[in-house]
Amino acid sequence: MDSYNFSAKQIHVRIRNLRSKQGMSQEFVASKIGISQNAYSRIELGLAKLSIDRMLKISEILQVSPIDLLQEQEVMA
């Protein structure tokens, strides 16, 4: 059985790493979600709670499965 690490901090770090690897700016992702860059930055820093709806939107923008954001191993994007 697969084991997943659901640490919120690590999810935020994975989101930041995936976004950065794909060459997307925080401003770009934030605009696609419909929030400010500052609000998005707070998500990546783990200072704002990440709702399931928002996580689904982010995974869609980053073109990864939401499960990829929860996996302990780094995703190859």
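Focus: the confidence of the model for the chain
Then, number 1: Mean pLDDT over the chain stands at 87; residues scoring 70 or higher make up 84%.
Then, number 2: When the elements of the chain are averaged for pLDDT, helix 5 (residues 66-70) gives the smallest value, 89, and helix 2 (residues 26-33) the largest, 98.

Details of unusual backbone geometry
Then, number 1: A positive phi angle is found at Gln-63, which is not glycine, with a value near 60°.
Then, number 2: With respect to the element layout, Gln-63 can be found in the loop between helix 4 (52-62) and helix 5.

Section: the side chain of Gln-26
Then, number 1: One can find Gln-26 in helix 2.
Then, number 2: Take Gln-26: its relative accessible area is 17%, and that puts it in the buried class.
Then, number 3: Polar side-chain contacts of Gln-26 include one of 2.5 Å to the side chain of Gln-37.
Then, number 4: In contact with Gln-26, not counting residues within four places along its chain, are Arg-19, Gln-37, Tyr-40, Ser-41 and Glu-44.

Quick notes on the rules
- Residues numbered from 1 in each chain as written.
- Predicted model: local features only at pLDDT ≥ 70, side-chain atom pairs only at ≥ 80, totals over all residues.
- Heavy atoms only, no water.
- pLDDT = per-residue confidence, 0-100.
- Helix = DSSP H or I, 4+ residues; strand = E, 2+ residues; numbered from the N terminus.
- Buried < 20%, exposed > 50% of the residue type's maximum accessible area, 1.4 Å probe, protein only.
- Polar contact = N/O pair within 3.5 Å; in protein donor to acceptor, adjacent residues only side chain to side chain.
- Contact = heavy atoms within 4.5 Å.

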